[in-house]
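Structural overview for review
One-letter residues, chain by chain:
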Amino acid sequence: MTSISEAPQNPLPLNSARSRQPGGGYVIRWLRANLFASVTSSLITVILMVLLGKALISLVQWGYWNAVWSVPGDQTGACRSVRGLGACWAVIPEKYRFILFGTYPFDQQWRPALACLTFIALFFVSSRRSFWRRELVLIWAAALVLIGILMWGGIFGLTYVSQDRWGGLPVTLILATFGLAFGFPLGIVVALGRRSKLPAIRSLCVLYVELIRGVPLISLLFMASVMFPLFMPDGVNIDKLLRAQIAFVLFAGAYLAEVIRGGLQAVPRGQHDAADALGLSYWKKNGLIILPQAIRHVIPPLVNTFIAFFKDTSLVLIIGIFDLLTTAKTSIIDPAWQPFSVEVYLFVAVIYFLFCFAMSRYSRRLEAQTRH
Amino acid sequence: MTTSTPELRRRRQLRFSLNRQQIVGLVWQVVVVGIVVAIVAFLWSNALHNLSARRISTGFAFLGREAGMPIADAWLAYSPKDTYVRAFIVGIVNTLRVAVIGIVLATVLGTLIGIARLSSNWLLSRLAAVYVELLRDIPLLLQLLFWYVLMQGLPAARAAWRPIEGVFLSNRGLVLPSVPIAEANLWVIATAVAGLIALFVLRRQLMTRQEADGKVRRLWPYALVLVGALPALVSLGLGASWTVTMPELRGFNFVGGLTLAPEYFALLIALVTYTSAFIAEIVRSGIQAVPRGQWDAANALGLRRSFVLQRIVLPQALRVIIPPMTSQYLNLTKNSSLAVAVGYQDVVSIANTTLNQTGQAIEAIALIMMVFLTISLGISLFMNWYNARIALVER
């Protein structure tokens, strides 16, 4: 994860034409400086404009001009007749409930919707600097309990909905959020262990981190879905979603540990010495002095790890857990709608993009703040 | 600290013999290792019990049995009658085939986009930024499924697209013209590679000599001989044929040429475009990390732009670029395991089929992990070696 900053502040220099001060209004000056600064630059601009224009025209034709926005019931004849020429957006209003919430009971789907909103509110609150206090842990605990009540039900007059009926966006958010919520403390412990002076603990932590980071996530998910039941004693049967969740916690723990270790290395030696001189115990020293500084150092790379992790939850498709991508893929098994998977994938891509883009913007802003 | 009184000296000895920190450390280690060992032993005994209850034998003996699984897109000779070992080797070759070609293409594409992002042309740099942002913020698996669906939506072989003569794009994949490789061709290629290595060594020697006496020495005559004339001579001597065979449409399929199956092609496109977005950012920040003063100083000396890039900026940028690039290469290799989602038979996909056929879950997953740990280790060792070579030598 490298640092990412705003648009090129330091473009390749040596464009002598740029320094020439041309006359004309602001727009003309801007165009000359940024689009037609030299012969090569003008050529590039013209070629790109032609290509971009062509692409935009065909995109608008496909996505808007020739697109079909609604069809009666499952009669997809109108869509089929424009196939290849126009998009069939009619598939989205038909299938969006299934894509977002899977097989959750239809009349109860306000509950997962509310759970998703709770998640978004939780992320928003956690991103505010004014909330970076100890109380944040309580807010998280309360929010996760609320989400559990909404999803499972069984109390307060809500009907019970078992885990195998969950699906879509809430499952993606649950896998990502719980993975991070438990992976983060694990990562801290492992990062501390990896820098410990005790050889046995250090080598255990190194083994764990390198083993998890050296293999693809899919092999961990296979482990969770096929190997895990073999390791359990008779009669113990852990739900598939929970098994995948455990795999994600272990996965996130290893990656976060490496990021946090980077932060620990950036804390000056003097801080350790000062804490030791005050006679603080190991845990007090790390909890009060070292870790708060270390984590502040690595917030931008931590957010980047969160983004990667959020995208990686989509891999549960391969072991058949109904997350957002799996519901999207399943929604077009229906023969009437089968040819219109591109539209469905674009719809889901927009959802993933919004979440990741928000996070990456946020990480960039934080970085700009810490730099000044 | 000078301790003279006998009382103080005695206290220090006492402290040393009962070093509290060391004892606490020892206790911690024993406790943690004990817990880990207990958990592993518990899981292991459960596994043995469950395996015997399900009558699944342990061990790798199954590898010698007949695999009976078809592999559509194999580079090595393979039939379903071959053993599981053979199937695994075919899978490893398939993984490496997509990873190695993917790494090369992603590096080229990523570098171009990273440089485009720094262009003084506003349109070009904005387009590159949009490309990076779009591809980085959508899950790779979703992109892969998207490309695969697009690939399936292409016209049938009869109505294949022909962007250039001899290149066909259809729902059968991409078909390219190819040169049939015989033994003579291999020798010629080997000579050219050896010539390239020799040229590289020679270049270093010429450079050190140039640094010593300041005289400019030309490299291109050597290049002409080592990479041009020598392989040509070998080719003539062995009578190697370099005629390009053009693919032709016969009936419903193509004959001749090199076919990239749609599964392979979709996986390659997805991996290359996705990774190139990350590489572009690495290259951009690497170039930006070189202070502007370095450009200005080189300009003031009147050096040519290409020379400045090659000898002053790139060597400094590479130091920043190599470590994150290594982790991108590792990511691409690990991500190639998503092949299982579109049915390209890489090592993970073959292990998965094996697992379903034999029930040997532990062994199959252990094999996947061993293969990837070996590949990861290989890439890191190579990149660490390269990094150490180009690293700043402080005098």
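Rules used throughout
- Residues numbered from 1 in each chain as written.
- Chains lettered and ligands numbered in written order.
- Predicted model: local features only at pLDDT ≥ 70, side-chain atom pairs only at ≥ 80, totals over all residues.
- UniProt positions renumbered as here; feature names shortened; annotations may be inferred.
- Helix = DSSP H or I, 4+ residues; strand = E, 2+ residues; numbered from the N terminus.
- Buried ≥ 20, exposed ≤ 12 C-beta atoms within 10 Å, placed from the backbone.
- Contact = placed C-beta atoms within 7 Å.
- Domains from an automatic or database assignment.
- Pairing = 2+ DSSP bridges.
- Axes fitted to C-alpha atoms, helices over the stretch in contact; angles between N-to-C directions.
- pLDDT = per-residue confidence, 0-100.
- Core = buried A, V, L, I, M, F, W, Y, C linked by C-beta atoms within 7 Å.
- Parallel < 35°, antiparallel > 145°, perpendicular 65-115°, else oblique.
- Left-handed = near helix turned anticlockwise from the far one by under 90°.
- Nonpolar A, V, L, I, M, F, W, Y, C, P; charged D, E, K, R; others polar.
- Expected span 1.5 Å × (residues − 1).

Looking at an unreviewed UniProt entry, one finds chain B named Amino acid ABC transporter permease and attributed to Bradyrhizobium lablabi. Of chain B, the UniProt comment under Sequence similarities (unreviewed entry) reads exactly: "Belongs to the binding-protein-dependent transport system permease family. HisMQ subfamily."

An unreviewed UniProt entry lists chain A under the name Amino acid ABC transporter permease, with Bradyrhizobium lablabi as the source organism.

Before going further, it helps to examine the overall build of chain B. When helices and strands are tallied, chain B shows 12 helices and 5 strands. Taken along its principal axes, the extent of the C-alpha atoms in chain B is 95 × 75 × 50 Å. Taken across its 395 residues, chain B has 29% of its residues classed as buried. Within chain B, contacts between residues at least 6 apart in sequence are counted, and of these 67% link residues at least 24 apart.

Let us now look at the UniProt feature "transmembrane region" (unreviewed entry) in chain A. Residue and element names in this part refer to chain A. The UniProt record marks residues 35–57, 109–125, 137–161, 173–193, 205–230, 242–260, 302–322 and 342–362 with the feature "transmembrane region" (unreviewed entry), using the residue numbering of this structure. Split by type, residues 173–193 is 100% helix and 0% strand. Its first and last C-alpha atoms lie 29 Å apart. Along residues 302–322, the helical share is 52% and the strand share 0%, with 27 Å between the first and last C-alpha atoms.

Okay, the domain arrangement of chain A next. According to the domain assignment, chain A contains domain 1 (16–65) and domain 2 (93–371). For domain 1 of chain A and domain 2 of chain A, the distance between their C-alpha centres works out to 42 Å.

Attention now goes to the UniProt feature "domain: ABC transmembrane type-1" (unreviewed entry) in chain A. According to UniProt, the "domain: ABC transmembrane type-1" (unreviewed entry) feature falls on residues 169–363 of chain A. For the annotated span residues 169–363 of chain A, helix accounts for 79% and strand for 0% of the residues, and the straight-line distance between the end C-alpha atoms is 23 Å.

Here we take up the sheet that holds strand β1 (residues 168–170) of chain B. Residues and elements named next belong to chain B. Taken together, the 3 strands give an open sheet; going across it, the order is β1-β2-β5, and neighbouring strands pair in antiparallel fashion. The sheet is open, and its two edges are formed by β1 and β5 (258–260), each paired on a single side. Across the sheet, the mean angle separating the axes of adjacent strands is 15° when strand polarity is ignored. Here 3 bridges tie β1 to strand β2 (residues 173–176), and the two strands are oriented antiparallel to one another. Within β2, the position partnered with Ser-170 by the bridge is Gly-173.

We now examine the confidence of the model for chain B. All names here are of chain B. Residues at a pLDDT of 70 or more form 93% of chain B, whose mean pLDDT is 82. Element-level mean pLDDT values for chain B span from 56 in helix α1 (residues 6–17) up to 91 in helix α8 (residues 262–288). Overall fold confidence for the complex sits at a pTM of 0.83, while the interface term, ipTM, reaches 0.84.

For the rest of this paragraph, the subject is the nonpolar core. By size, the foremost hydrophobic cluster in this structure holds 148 residues, and its most contacted members are A:Leu221, B:Leu141, B:Leu144 and B:Leu267. Those residues in contact with B:Leu144, other than ones at most four positions away along the chain, are B:Ala266, B:Leu267, B:Ala270, B:Leu338, B:Ala341 and B:Val342.

Here we come to the packing of helix α9 (residues 292–300) of chain B against helix α10 (residues 305–335) of chain B. Residue and element names in this part refer to chain B. Across the interface, α9 lies against α10 with an axial gap of 11 Å and an inter-helix angle of 160°. Compared by their axis directions, α9 and α10 come out roughly antiparallel. Relative to α10, α9 is oriented so that their crossing is right-handed. In contact with Gln-294, Trp-295 and Ala-298 of α9, α10 contributes Val-308, Ile-312, Val-313 and Gln-316.

Once that is clear, we can look at the interface of chain B and chain A. Each partner contributes to the interface: chain B provides 57 residues, whereas chain A provides 53 residues. Of all the secondary structure elements, the ones that give two or more residues to the side of chain B that touches chain A are α2 (20–53), α4 (122–136), α5 (140–152), α8, α9, α10, α11 (347–358) and α12 (361–390) of chain B. Among the elements that line the side of chain B that touches chain A, the one with the most residues is α2(B), at 11 residues. Tallied by class, residues from the side of chain B that touches chain A come to 36 nonpolar, 14 polar and 7 charged.

Looking now at α2(B). Residue and element names in this part refer to chain B. End to end, α2 covers 49 Å across 34 residues, agreeing with the expected 50 Å (1.5 Å per residue, within 8%). Taken across its 34 residues, α2 has 0 buried, putting it largely on the surface. Note on α2: the residue one or two positions beyond its end, Arg-55, has a positive phi of about 55°.

Residues and elements named next belong to chain B. By the element assignment, Phe-382 lies in helix α12. By the C-beta count within 10 Å, which is 12 here, Phe-382 ends up exposed. In this structure, the C-alpha to C-alpha distance between Phe-382 and Gln-310, residues 72 residues apart in sequence, is 23 Å.

What follows is about the pairing of β2(B). Across a regular strand the side chains alternate sides, sitting on one face of the sheet and then on the other. Residue and element names in this part refer to chain B. Connecting the antiparallel pair β1 and β2 is a turn made up of 2 residues. Bridge count between β2 and β5: 3 bridges; the pairing is antiparallel. Opposite Leu-174, over in β5, you have Leu-260 as the bridge partner.

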